[in-house]
Amino acid sequence: MSLQNDLLLRALAGEQTERPPVWLMRQAGRILPEYRAIRSRLSGFKELVKTPELACEVTIQPVDLLGVDAAILFSDILVVPEAMGLPYELIEKVGPPRFPETIGSASDMKRLHAVDPEEHLGYVLEAMKMTRSALDGRVPLIGFAGAPWTIFCYMVEGGGSKEWSRARRMLRSEPALAEDLLDRITEATIAYLNAQVEAGAQALQLFDSWAGALDADLFERYTMPRLKRICDEVKGAPLIVFAKGAGWQMDRLATLSCQGLGVDWHMPVSEARMRAPHHVLQGNLDPSVLYGTEAEVRAATQRMLSDFGRGMHVANLGHGVYPDINPDRVRAFIDEVKQNAHSEGVN
Ligand code: 1CP
């Protein structure tokens, strides 16, 4: 089945497209009342993630309701530590996800096992197959995983953190243990992403949401070799690596064999382009711009588009959309990107 809208895939292949494709990180989720309606009928987030019919339905919602050029499978990066042996909890109205058990010592590693995607993450692969078929070629389907360092952060800390000091302490005080844990996450991630491609993912994103917590030495020693392995060993779909807060490492990231690099809103676009001349860049509007008026959203989107210039660009925010943003502002952002083509006389 050929794609009716293949802008994202053509852009990631380095082709000059009529206009940049546009999608939003975290587009499937709490910004949409239609998502909240489904969620409120369920026992919680986990039921949604583990029920392929429902995951499929909320994945397609932003395609129907917002008009994005790609769907991203509704799931979470935390399914990988769970598949390795550390289950997460997301208790409604209590707060963000938590891991009741964490990794703090060599003996904790006994809790972990190798990941067989079919056996341990079959529900994600099922949702992927179902969604690919339900999309019926309307837009490409993006699969994803967390990068090793970001998953390591959650497995060591047990939940979100401002500084990730416990995770960074492990890198410095127990390097052999840290390397072992990062390698196991890397193995699981490679198998998982390849299985997603087999199940129907047409593009992939690796979220290194907490890459910005590392200094240059730690980034080089612990992160770069694993990102390189993933880029080299995952086959069959273009890959975007988004290392949030690590724009200053763009020249190192530009040595990776992935097709796309995410750019957060701190990074001047001209500098990202200079340091990564051969990669497609994705981003980078500050999500908080979407709290402004429609006119402000449109003006800021225009500025972003002109900063990136023509080609080699996937329009997105510089991080995930915040749950309390008005979907009309998201629509204004998307519409402004789409208008961009018309104002230059092409579709
Ligand atoms: O419905 C709810 O109330 C739960 C909120 C929620 C949602 C909608 C969580 C819990 N995860 C998700 C979905 C999700 N998570 C997607 C869906 C697809 C889409 O993008 O539309 C994706 C790609 C993720 C990825 C994810 N989960 C990341 C990487 C992206 C990023 O924003 O940096 C991270 C760090 C997580 C962990 C996570 N899951 C959920 C929360 C609240 C968090 C943050 C935890 C913390 O650090 O405190």
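So, here's what we can say about the structure. None of these values were measured; they are calculated from a predicted model. (Residues numbered from 1 in each chain as written. Predicted model: local features only at pLDDT ≥ 70, side-chain atom pairs only at ≥ 80, totals over all residues. Heavy atoms only, no water.)

Some points on the overall build of the chain
- When helices and strands are counted, the chain shows 15 helices and seven strands.
- By the compact-globule yardstick of 20 Å for 347 residues, the chain fits well, its C-alpha radius of gyration being 19 Å.
- Projected onto its principal axes, the C-alpha positions of the chain cover 65 × 45 × 40 Å.
- A sequence separation of at least 24 residues applies to 73% of the contacts in the chain between residues at least 6 apart.
- For the chain, the computed accessible surface area is about 14,000 Å², with 50% contributed by carbon and sulfur atoms.
- Of the side-chain charges in the chain, 37 are positive and 46 negative, and the distance between the mean point of each set is 3 Å. (Helix = DSSP H or I, 4+ residues; strand = E, 2+ residues; numbered from the N terminus. Rg over C-alpha atoms; globule rule 2.2 N^0.38 Å. Contact = heavy atoms within 4.5 Å. Areas by Shrake-Rupley, 256 points an atom, 1.4 Å probe, with all protein chains shown as cover. Lys, Arg positive; Asp, Glu negative; His and termini not counted. Charge placed at Lys NZ, Arg CZ, Asp CG, Glu CD.)

As for the packing of helix α8 (residues 148–157) against helix α9 (residues 165–173)
- At their nearest, the axes of α8 and α9 sit 8 Å apart, and the two run at 105 degrees to each other. In terms of their interaxial angle, α8 and α9 are classed as roughly perpendicular. Residue-level contacts link Trp 149, Phe 152, Cys 153, Val 156 and Glu 157 of α8 to Ser 165, Arg 166, Ala 167, Arg 168, Met 170 and Leu 171 of α9. (Axes fitted to C-alpha atoms, helices over the stretch in contact; angles between N-to-C directions. Parallel < 35°, antiparallel > 145°, perpendicular 65-115°, else oblique.)

A short note on the packing of aromatic side chains
- Counted by the stated rule, this structure contains eight aromatic pairs.
- Ring geometry for Tyr 35 and Phe 74: centres 5.5 Å apart, planes at 45 degrees, overall tilted. In this pair, Tyr 35 is assigned in helix α2 (residues 33–40) and Phe 74 in the loop between β1 (71–72) and α5 (79–84), connecting sequence segments 39 residues apart. Each member of the pair, Tyr 35 as well as Phe 74, carries the same accessibility label: buried.
- Its guanidinium or amino end placed over the ring of Tyr 88, Lys 46 lies 4.3 Å from that ring's centre, counting from NZ or CZ. (Phe/Tyr/Trp six-rings, centres within 6.5 Å; stacked < 30°, edge-to-face > 60°. Buried < 20%, exposed > 50% of the residue type's maximum accessible area, 1.4 Å probe, protein only. Lys NZ or Arg CZ within 6 Å of the ring centre and 35° of its normal.)

Some thoughts on the site of the ligand
- As a matter of local geometry, the ligand sits amid 24 residues, with Tyr 35, Arg 39, Asp 76, Tyr 154 and Ser 209 nearest to it.
- Asp 76 places a polar side-chain atom, nitrogen or oxygen, 2.5 Å from a nitrogen atom of the ligand.
- Contact distances for the ligand include 2.5 Å between an oxygen atom and a side-chain N or O atom of Ser 209.
- Within the complex, 90% of the 890 Å² of free accessible area of the ligand lies under protein.
- In this structure, the ligand is accommodated by the largest pocket.
- Each residue belonging to the shell around the ligand can be placed in one class, and the counts come to 15 nonpolar, five polar and four charged. (Near = heavy atom within 4 Å. Polar contact = N/O pair within 3.5 Å; in protein donor to acceptor, adjacent residues only side chain to side chain. 1 Å grid on protein atoms, 1.4 Å probe; cavity = no way out; pocket = protein on both sides within 12 Å on 5 of 7 lines; lining within 4 Å. Sits in = over half its atoms within 2 Å of the grid points. Nonpolar A, V, L, I, M, F, W, Y, C, P; charged D, E, K, R; others polar.)

Notes on the state of the cysteines
- This structure, assessed with the given rule, holds zero disulfides.
- The cysteine Cys 153 is free of any disulfide, with Cys 231 supplying the nearest cysteine sulfur at 18 Å.
- We note that Cys 231 lacks a disulfide partner, and the nearest cysteine sulfur, in Cys 258, lies 4.2 Å from it. (Disulfide = S-S within 2.5 Å.)

Looking at the environment of Met 25
- If you trace the backbone, Met 25 turns up in the loop between α1 (7–12) and α2.
- A residue is classified by how much of its surface remains accessible, and Met 25, at 2% relative accessible area, is buried.
- Once the C-alpha coordinates of Met 25 and Ala 71 are considered, the two residues, 46 residues apart in sequence, prove to be 10.0 Å apart.
- Met 25 has contacts with Gln 205, Phe 207, Phe 242, Asn 316, Leu 317, Gly 318, His 319, Gly 320 and Val 321, leaving out every residue within four places of it along the chain.

Some thoughts on helix α4 (residues 52–66)
- Taking 1.5 Å per residue as the helical rise, α4 with its 15 residues ought to reach 21 Å, and the 22 Å between its terminal C-alpha atoms agrees with that figure.
- The axis of α4 is deflected most strongly, by about 30 degrees, at Ile 60, and proline Pro 62 appears within four residues downstream.
- Most of α4 is tucked away: 11 of the 15 residues are buried.
- What α4 keeps buried is the set Pro 52, Leu 54, Ala 55, Cys 56, Val 58, Thr 59, Ile 60, Gln 61, Pro 62, Val 63 and Leu 66. (Expected span 1.5 Å × (residues − 1). Bend = angle between axes of the 7 residues up to and from the residue.)

A look at the side chain of His 313
- Checked against the element boundaries, His 313 lands in strand β7 (residues 313–317).
- Among the polar contacts listed, one links the side chain of His 313 to the backbone oxygen of Gly 283, at a separation of 3.0 Å.
- In contact with His 313, other than residues within four places in its own chain, are Ala 11, Pro 20, Pro 21, Val 280, Leu 281, Gly 283, Met 304, Leu 305 and Phe 308.

Some thoughts on unusual backbone geometry
- Of the consecutive residues Gly 283 and Asn 284, the connecting peptide bond is found in the cis state with omega at -5 degrees.
- Secondary-structure assignment places Asn 284 in strand β6 (residues 280–285).
- With a phi close to 55 degrees, Asp 136 is a non-glycine residue in the positive phi region.
- Looking at the element boundaries, Asp 136 is found in the loop between α7 (122–135) and β2 (141–146).
- Asp 136 gets classed as partly exposed once you look at its relative accessible area, which sits at 44%.
- Even without being a glycine, Trp 164 presents a positive backbone phi close to 55 degrees.

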